[in-house]
Amino acid sequence: MAEPHDNQDKPPPLPTSLAPRPDVPAVRHAQLPVGLNADPLAALTSDNEIPVLPVQSVSRPCMLQQVRGPLAPQFIELRDTDMVLGRADDVDVRIPSSALSRRHMLIEPYAFGHRVTDLDSANGVFLNEVRIHSAVLRDGDVLQLGNVVLLYHEGR
Amino acid sequence: MAFFVRFWGTRGSIPTPGRATYRYGGNTSCVEIRVAETLFICDGGTGLRELGADLLRRYGQTPVVAHFLFSHMHWDHIQGFPFFAPIYQPKNTFHIYGTRPGDTRFHDLLSGQMRSSYFPVDFSELNANIVANDLAEDGTRIIEGVTVRCLAQRHPGGSYAYSLERDGYKVVYATDNEIDLILADPSLPLREPDAPRDIPSEVVDFCRDADLLIVDGQYTDAEYRKYTGWGHNRATTATDLAIAANVKQLAIYHHDPMQSDKDVEAKIELCRVRVAQQGSSLFVFPAREGVELRIDY
């Protein structure tokens, strides 16, 4: 059974920049990224209460929202290249959980979203409770890897 | 030897693209089953087009050899075939199996949908080697170490289920079947909806101890009242079949085109309640496009 909200009182430090950096394997956010569940009405109202239409839409990348397990809560920004998630030091998304294999799951771009593949992990990858080998993700999917629970958000 | 099972099309009757079916998919019947290097393709609905594109990517210059097991020839099970890109490459070979010796019906009917009145490319112009093959008199054949069996089902025009076994693992593909019409007491579900349904032993035995049963579960009980005789199961009857056959995992398949993603989830919930009522440990889930299972856990 997953342990709830490990280290929830110790959020990781915010990155100095949200722009991709070659020395940072994956961009992580401790706070809600722009455009994700933000209050849309707040952006539509000016100081004098006259509604103002946005002049451009807000785009955001695909994200995994980690809601359980070590380092949760955090948002993991998914790149347009393959990423490996696991507990090893040299993976793209490292989560220090003993329930994860060193290289647990591959996350790869697929069509307009992402596909995940179990890299022969010991504890498997469960998608909405179904143990899978691979799957194309859809918005709102829940992935469970040992005690790590991730929620997938499609980009736009 | 692990089985890899990937759903390329899970919808019944007609493709249903759109937001309402985004999660479970709108492509019609197509399932890829891989056992080591051996590739089986169960049905060629519109999901087959995307499987074809994926095979081109995966195989590159390596020839593709695949074994087609068609449940039957209704549109939603064959419409992807003309758009299956590997059939246009001469290096590839595809076996189309009949269900008894010399049975070329499926091969012949596939070619029929590619006559010029229906499609611009004639079957005879396909570059790949398309082989009319068959199962033995008893409906069985060992294909590259995998034992394939077929079972005739109750469906308008007829249909077949297939089981594939190797090294103690078993996957059954059984779509377009109306078991509800062949129950020992077909009126029982109306009188006592929660009572386990008495499914013919021939069907139960065919599915016995499967690691994965992919089965037609098109309708809820309420929908079935309107569509009795259309050739498809109640999902709850499919669940009873899986429980009776001691199946490990049940994939409810061939979703009705009128069912949204939420409807599919509600249908699965009804099946899970039924599993709990019968004290079973069966795991039921909705077949979903783009999901691949590994059968050796």
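Residues numbered from 1 in each chain as written. Chains lettered and ligands numbered in written order. Predicted model: local features only at pLDDT ≥ 70, side-chain atom pairs only at ≥ 80, totals over all residues.

Here we take up unusual backbone geometry. In this chain, A72(A) is followed by P73(A) through a cis amide linkage whose omega measures 0 degrees. When you line up the elements, P73(A) lands in the loop between strand 2 (63-68) and strand 3 (74-77). For A36(B), which is not a glycine, the phi torsion comes out positive at approximately 55 degrees. Mapped onto the secondary structure, A36(B) falls in the loop between strand 2 (30-35) and strand 3 (38-42). (Helix = DSSP H or I, 4+ residues; strand = E, 2+ residues; numbered from the N terminus.)

Residue and element names in this part refer to chain A. In this structure, V142 sits in strand 11 (residues 142-145). Between the alpha carbons of V142 and P73 there is a distance of 14 Å; along the sequence they are 69 residues apart. Discounting chain neighbours no more than four positions away, the residues touching V142 are N128, V149 and L151. (Contact = placed C-beta atoms within 7 Å.)

Moving on, we get to the nonpolar core. Counting residues in each nonpolar core, the largest one holds 102 residues, and the members touching the most others are V171(B), C207(B), L213(B), I214(B), L241(B), L250(B) and I252(B). The element contributing the most residues to this core is helix 6 (residues 235-244) of chain B, with six residues. (Core = buried A, V, L, I, M, F, W, Y, C linked by C-beta atoms within 7 Å. Buried ≥ 20, exposed ≤ 12 C-beta atoms within 10 Å, placed from the backbone.)

Bringing the environment of F94(B) into the picture now. Along the chain, the position of F94(B) falls in strand 5 (residues 93-98). A residue is classified by how many C-beta atoms lie within 10 Å of it, and F94(B), with 24 of them, is buried.

The next point concerns the pairing of strand 7 (residues 113-118) of chain A. Residue and element names in this part refer to chain A. Note: strand 6 (residues 105-110) against strand 7, six bridges, orientation antiparallel. In the strand pairing of strand 7, L106 is matched with T117. Where strand 6 folds back onto strand 7 in an antiparallel hairpin, the turn is made up of two residues, including A111, whose phi is positive at roughly 50 degrees. The sheet contact formed by strand 7 and strand 10 (residues 134-136) spans three bridges and is antiparallel. Note that in strand 10 the partner of T117 across the bridge is S134. (Pairing = 2+ DSSP bridges.)

All right, on to the sheet that holds strand 7 of chain A then. Strands sit in the order 5(A)-4(A)-6(A)-7(A)-10(A)-14(B)-1(B)-2(B)-3(B)-4(B)-5(B)-6(B) across an open sheet of twelve strands; the sheet is mixed. The sheet is open, and its two edges are formed by strand 5 (93-94) of chain A together with strand 6 (129-134) of chain B, each paired on a single side. Strand direction decides the pairing type here: strand 3 of chain B and strand 4 (residues 65-69) of chain B, joined by four bridges, are parallel. When the bridges of strand 4 of chain B are listed, I41(B) appears paired with F68(B). Relative to the sheet, helix 2 (residues 105-112) of chain B contacts strand 5 and strand 6 of chain B, its axis offset from that of strand 5 of chain B by approximately 120 degrees. (Axes fitted to C-alpha atoms, helices over the stretch in contact; angles between N-to-C directions.)

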